[in-house]
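Here is how the chains run, residue by residue.
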Amino acid sequence: MNGTENKPLVSIQHLSKFFPVKKGLFRKQGNPVKAVNDLSLDIYDGETLAIVGESGCGKSTVGRTMLRLLEPTAGKVLYEDKDLFALNGEQMRQMRQHMQIIFQDPFGSLNPRLRVKDIIAEPLVAHKVGSRSERMKRVKELMEVVGLNAEQADRYPHEFSGGQRQRISIARALSLNPKLIVCDEAVSALDVSIQSQVLNLLEDLQQQFGLTYLFISHNLSVVHHLADRVGVMYLGKLVELSGVEELYRRPAHPYTEALLSAIPEPRPEHRRDRIVLQGDVPSPANPPSGCPFHVRCPHAQPDCGQNVPEFREIAPGRWVACHYPLTTGSVEAVHIQ
Amino acid sequence: MTTFIIRRLLESLVTLLLVSMIIFLAIRLLPGDPIQTVIAQSDLSGMSAEKIAELRHQYGLDKPIYLQYVDWLGGVLHGDLGTSIFTNTPVADEIFRRLPITFTVGIWAILLGTVVGIPLGVISANRRGKKIDHLIVFLTNIGITVPVFWLGLILMLVFGLYLRWVPVMGYTSPFEDLVMHLRQLAMPVICLAIYPMAAAARQTRSSMLEVLHQDYVRTARAKGLKENVVIYKHALKNGLIPVITTIGLSIPVTVGGSTVIETVFNIPGMGRLAVNAVQSQDYAYVQGIILIIALMVLLTNLLVDLAYGWADPRIRYR
């Protein structure tokens, strides 16, 4: 689903994750929150695919459900043609060697009771990799790789700064030599100066180990710097998927256009006109009919509220879910005002 | 750490001093006169006023209250908790003879409460909203509110009189007959364990529900750890601090409950001694027993504080 010839490393097919809502005195089932709603995309070996969108759009849920840290409501995730959702607990546990996750909060994602060496070595212990001395050697190697002093391996997480903790998380994620790493807002909680260091580290590691990243973020500047392709999510659905340069130069979906217009741009000649969307994001428990974005879309037409737009390829590698895309490949679409 | 322990022990001494003052005054404010009680119990109703005054003098009850306190405190510092005006025996001897019995029942109760309560809380949190969770929550609510004496009587009726599985009452030393000792302790221990068990289960459930949503628990799953390792190593150990506090707080409740349980099950422990001493206004015994209980509670609190450091390496003692 990106116009690339090679086979995808991960293929997400019609993934849905709904959260039940119980309300009232007798805890009756209300409308479920449709955090992810019929989402499909492919992730290719060695690439960085970013997923962007506002808070609550379901991007983190995609990453977590894909790794089965949350159980899906529907759909499939194929990792090298193996359906992850068809695996039993033990098989899935074994599969975790190939895919890891780095969470947003460097303070919350490390067990405060464990020493750093144990945090990094624990996956190796769980998967019975190497002897004790080999594991300790690997821990020291990994700490050096992520730019930490191996002599600090006996310390606890609270003795490190936020940036250092995120490096520990990266070392832990790398310990089993995974192919895929989900970076769930991995730099959002860090200071800007530290963010750039961690992003550079992630890029270096990708080169060094041939990693594939699913990079979940709401920071479009960071995504521009790191990603090869970008998927834009709105209300649990993918509304646009494209190569990073095409998407930033010429967004095809009005929502993407609005997001890009909000990026601060220091050079006046490069500034876009700011598009301020009207109203609030609708509830994912009760999304609007037709196109989920039509109630806020500055380009909405009468039929947008009736028909759900198909997620279709408008040019090689460019996918959009819009009845009236802003661009069709290289040609600007004309809008009826 | 050493500085912390020394400081806490010094604070405990001050607390003990205050407790001793309060109990010394409180028991003397109770209506009635211990000397008159001795006379009534010993059929010495014809005793002359001189003899009564002599008896008062013998036990130092004719001195001003502050001097009585100073004399008693001086004795305590030398390991003498005073002499009973009823049995004319040293209080310390009787207390230390009965203390191991109360201790045995109490420790078994706390252990049982903890060993059963914590896993119940874990199961409940793991199955949140399921039938087993509702059942455990319901049972823990009952466990916290059920009166110990009533539960004791019900257990006696069912397991002692109807089913005849265990003896109804009494106490046998484990060195005399271990099987009989365990059979006799079964019901009192279960009675005393109900509160710590329910409290531990409730607090564990609450802590676990908080911890299970932490990213480091998700990270543990993502690492490919087995579920029981995720639950017990990553979740439970990080949710232990409030549970440790709850267990610590349930120890004084257990000590309080032992007075009722020892009376109901006719166990010759410190609890029953305390009840008898209060009823007969035996000042020396009441003061001695409460001082020992206060000491136990203070030491328990110190152990709880030290356990926090084991449970969470971020805690530093200053």
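Along each chain, the written sequence defines residue order, and numbers are assigned to residues from 1. Chain A is the first chain written and ligand 1 is the first ligand written, with later ones labelled in order. Residue-level local features of this predicted model are given only where pLDDT is at least 70; pairs of side-chain atoms are given and counted only at 80 or more, and the full residue set underlies all totals for whole chains, interfaces and linings. Each side-chain value is derived from all of the structure's non-hydrogen atoms; neither hydrogens nor water enter the calculation.

Draft legend 1. Summary view of the overall build of chain A. Numbering of helices and strands runs from the N terminus; a helix is a DSSP stretch of H or I covering at least four residues, while a strand is a stretch of E covering at least two. Helix and strand counts for chain A come out as nine helices and 16 strands. Contact between two residues is taken to exist if any of their heavy atoms lie within 4.5 Å; hydrogens are not considered. For chain A, contacts bridging at least 24 residues in sequence account for 63% of all contacts bridging at least 6. When the accessible surface of chain A is split by element, carbon and sulfur atoms take 49% of a total near 15,300 Å². Residue-level accessible areas treat just the shown protein chains as cover; the underlying method is Shrake-Rupley with a 1.4 Å probe.

Draft legend 2. Spatial organisation of unusual backbone geometry. All names here are of chain A. The phi angle at Arg68 is positive, at roughly 60°, despite the residue not being glycine. Between buried and exposed lies partly exposed: a residue is buried under 20% and exposed over 50% of the maximum accessible area for its type, with that area taken using a 1.4 Å probe on protein chains only. On the basis of relative accessibility, which here comes to 14%, the residue Arg68 falls in the buried class. The phi dihedral of Glu80 falls on the positive side, at around 50°, and the residue is not glycine. Residue position: Glu80 is located in the loop between β6 (74-79) and β7 (82-83).

Draft legend 3. Looking closely at the packing of aromatic side chains. Residues and elements named next belong to chain A. Stacked, tilted and edge-to-face are the three classes applied to pairs of Phe, Tyr and Trp rings, where Trp contributes its six-membered ring and a pair requires centres within 6.5 Å; stacked means planes under 30 degrees apart, edge-to-face means over 60, and tilted covers the rest. Summed over the entire model, instances satisfying the criterion amount to five aromatic pairs over all chains. Both rings, one in Tyr234 and one in Phe293, keep their centres 5.1 Å apart while their planes meet at 80°; by these two values the pair is edge-to-face. Note that Tyr234 is positioned in strand β11 (residues 229-234) and Phe293 in the loop between α9 (254-261) and β13 (312-315), a separation of 59 residues in sequence. Connected via pairs of aromatic rings, a cluster forms that spans Tyr234, Tyr255 and Phe293. Two thresholds decide whether a charge sits over a ring: the Lys NZ or Arg CZ must be within 6 Å of the ring centre and within 35 degrees of the ring normal. Above the face of the Phe19 ring, Lys17 is positioned so that its terminal group lies 5.0 Å from the ring centre. We note Arg155 situated over the ring of Phe160; from NZ or CZ to the ring centre the distance is 6.0 Å.

Draft legend 4. Main features of the interface of chain A and chain B. Across the boundary between the two partners, chain A contributes 27 residues, which contact 19 residues of chain B. A simple way to read buried area is as the amount of 1.4 Å-probe accessible surface that goes missing from two parts once joined, with both sides added. In total, about 2,200 Å² of surface goes out of reach between chain A and chain B, with carbon and sulfur atoms giving 55% of it. Counting the surface chain A buries against chain B, the share from its top three residues, Pro112, Arg113 and Glu122 of chain A, is 31%. In the sections that follow, a salt bridge refers to a side-chain nitrogen of Lys or Arg positioned within 4 Å of a carboxyl oxygen of Asp or Glu. The interface formed by chain A and chain B includes three salt bridges. One salt bridge connects Lys223 of chain B with Glu122 of chain A, and the closest N-O pair in it is separated by 2.8 Å. We define a polar contact as two N or O atoms separated by no more than 3.5 Å, with the added condition that, inside protein, one atom must be a possible hydrogen donor and the other a possible acceptor, whereas residues neighbouring each other in sequence contribute only through side-chain atom pairs. The tally of links from chain A across to chain B stands at 12 residue pairs in polar contact (both at pLDDT 80 or more). Only α2 (89-95), β8 (99-102) and α3 (116-126) of chain A provide two or more residues apiece to the side of chain A that touches chain B. Here the side of chain A that touches chain B gets four residues from one element, more than from any other, and that element is α3 of chain A. Asp, Glu, Lys and Arg are counted as charged, while Ala, Val, Leu, Ile, Met, Phe, Trp, Tyr, Cys and Pro are counted as nonpolar; the rest, among them Gly, fall into the polar class. Residue composition of the side of chain A that touches chain B, grouped by class: 12 nonpolar, six polar and nine charged.

Draft legend 5. Just the sheet that holds strand β1 (residues 8-19) of chain A, in detail. Residue and element names in this part refer to chain A. The sheet built from four strands is open, its strands ordered β4-β1-β6-β7 with antiparallel pairing. On the outer flanks of this sheet lie β4 (33-44) and β7, each paired with one strand and no other. Lying over the sheet, helix α1 (residues 59-66) contacts β1, β4 and β6, oriented at roughly 115° with respect to β1. Only strands that DSSP links by at least two bridges are regarded as paired with each other. Axis angles are defined between N-to-C directions and span 0 to 180 degrees, where every axis is a line fitted to C-alpha atoms and, for a helix, only to the segment in contact.

Draft legend 6. Structural detail: the nonpolar core. What makes a nonpolar core is a set of buried Ala, Val, Leu, Ile, Met, Phe, Trp, Tyr and Cys residues whose side-chain atoms join them at distances within 4.5 Å. Ranked by internal contacts, the top residues of the largest apolar core, which has 55 residues, are Ile170, Phe215 and Val230 of chain A. Ignoring anything within four residues of it in the chain, the contact list for Ile170 of chain A reads Ile102, Val146, Val198, Leu201, Leu202 and Leu205 of chain A. Counting 34 residues, the second-largest nonpolar core is a separate cluster that includes Met66, Met233 and Leu238 of chain A together with Ala222 of chain B.

Draft legend 7. Expanded view of the confidence of the model for chain A. Think of pLDDT as the predictor's per-residue confidence, scored from 0 to 100. On average, residues of chain A score 85 in pLDDT, and 89% of them reach the 70 mark or higher. Contacts for the low-pLDDT stretch residues 330-337 of chain A, under 50 throughout, to residues beyond four places or in other chains number 12 contacts.

Draft legend 8. Representation of the pattern of salt bridges in the model. Following the criterion strictly, the structure yields 17 salt bridges over all chains and no others. A salt bridge links Arg229 of chain A to Glu47 of chain A; the shortest N-O distance between them is 2.7 Å. Here Arg229 of chain A is found in strand β11, whereas its partner Glu47 of chain A is found in the loop between β4 and β5 (48-52), with 182 residues between them in sequence. A residue is classified by how much of its surface remains accessible, and Glu47 of chain A, at 8% relative accessible area, is buried. Among the salt bridges present, the one from Arg64 of chain A reaches Asp184 of chain A, with a minimum N-O distance of 3.2 Å. Here the residue Arg64 of chain A occupies a position in helix α1, and Asp184 of chain A occupies one in strand β9 (residues 180-184), the gap between them amounting to 120 residues. Judged by relative accessible area, Asp184 of chain A falls into the buried class, the value being 2%. One salt-bridge network, held together by shared partners, links Arg64 and Asp184 of chain A together with Asp215 and Arg218 of chain B.

Draft legend 9. Seen up close, the packing of α3 of chain A against helix α5 (residues 162-174) of chain A. All names here are of chain A. Running from amino to carboxyl end, α3 crosses α5 at an angle of 25°, the nearest separation of the two axes being 7 Å. Accordingly, the angle class assigned to the pair α3 and α5 is roughly parallel. As for the relative orientation of α3 and α5, their crossing is right-handed in sense. Together, Val116, Ile119, Ile120 and Pro123 of α3 and Ile168, Ala171 and Arg172 of α5 make up the contact between the two elements. Considering only residue class, the contact of α3 with α5 consists of six nonpolar, no polar and one charged. Angular relationships are summarised with four words: roughly parallel below 35 degrees, roughly antiparallel beyond 145, roughly perpendicular across 65 to 115, and oblique for the angles in between. The hand of a helix crossing depends on one turn: near helix anticlockwise from the far one by less than a right angle means left-handed, and clockwise means right-handed.

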